[in-house]
Amino acid sequence: MILICQMRNLSIERIVRIALFVALASVIHYFENLIVIPIPIPGFKLGLANIVGLFVLFYIDWKEYLAVTYFRILLVSLISTGFGTGFLLSFSGSTFAVIISIILYKFLKCSIYSVSIVSALFHATGQVLMYALISMQFYIISYLAILALLSMLAGLLLSIICRMLLVRMPPFKDRARIKRRR
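This report concerns the structure included in the present document. (Residues numbered from 1 in each chain as written. Predicted model: local features only at pLDDT ≥ 70, side-chain atom pairs only at ≥ 80, totals over all residues. Heavy atoms only, no water.)

With that settled, the discussion passes to the overall build of the protein. From N to C terminus, the protein includes seven helices and zero strands. Counting helices and strands in the order they occur from the N terminus, the protein gives α-α-α-α-α-α-α. For the protein, buried positions account for 40% of its 182 residues. Nonlocal contacts in the protein, meaning residues at least 24 apart in sequence, comprise 68% of its contacts between residues at least 6 apart. In the form shown here, the protein has an accessible surface area of approximately 10,300 Å², with 72% of it arising from carbon and sulfur atoms. (Helix = DSSP H or I, 4+ residues; strand = E, 2+ residues; numbered from the N terminus. Buried < 20%, exposed > 50% of the residue type's maximum accessible area, 1.4 Å probe, protein only. Contact = heavy atoms within 4.5 Å. Areas by Shrake-Rupley, 256 points an atom, 1.4 Å probe, with all protein chains shown as cover.)

In structure tokens, the structure reads:
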């Protein structure tokens, strides 16, 4: 990670900030696996680690959001799940979600609620499509209706939590370079 960041001429402060957010998101991801969700829907998780990514997107900028998201996926895969099906599902869902999040945030200037809800929908879509490709059982796409609804509700919940955090945070000290939008 440091080698990649140094090639981009990133400051040490920015590298450390990215590393701290990646570590925080990874710990939240780990503890989320300990939570038992009362809804017996296979493959559904709240995605609590995405609060960190959403926070970084709206508090700092989209470039650090991108770095935090993908480094978290790599770190979690290295530590726990490996680079198998779980990694592919996480990577594909996150790629769909990151693309739509950046479009909604940067170009359409949408609210945190819109970004989070639509991002959750696209994350579920990316995961279901990847699972359909891996298993070669395309009827699983019909399962997207259930996952999409639950994911959008989780996205709303995450955006409410993240908004509460953003309101209480002091202004980002690097405001000359980065505009903070809520």
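So, next bit.
Here we take up helix 7 (residues 144-168). Taking 1.5 Å of rise per residue, 25 residues should cover 36 Å, and helix 7 covers 35 Å from first to last C-alpha, within 8% of that figure. Of the surrounding elements, those touching the buried residues of helix 7 are helix 3 (50-59) and helix 6 (112-135). (Expected span 1.5 Å × (residues − 1).)

This brings us to the environment of Ser159. For Ser159, the position within the fold is in helix 7. Taking the C-alpha atoms as reference, Ser159 lies 8.3 Å from Val115; in sequence the two are 44 residues apart.

We now examine the pattern of salt bridges. Inspection of the entire model under this criterion finds four salt bridges. Among the ionic pairs, Glu64 bridges to Arg14, the shortest N-O distance being 2.6 Å. Of this pair, Glu64 sits in helix 4 (residues 62-81) while Arg14 sits in helix 2 (residues 12-32); the two residues are 50 residues apart in sequence, bridging distant segments of the chain. The exposure class of Arg14 is buried, given its relative accessible area of 10%. Here Arg17 ties to Glu64 by a salt bridge, and the two come within 2.6 Å at their closest N and O atoms. With Arg17 in helix 2 and Glu64 in helix 4, this residue pair connects regions lying 47 residues apart in the sequence. Neither Arg17 nor Glu64 differs from the other in exposure class; each is buried. Because the salt bridges share partners, they merge into one network encompassing Glu13, Arg14, Arg17, Asp61 and Glu64. (Salt bridge = Lys/Arg side-chain N within 4 Å of Asp/Glu carboxyl O.)

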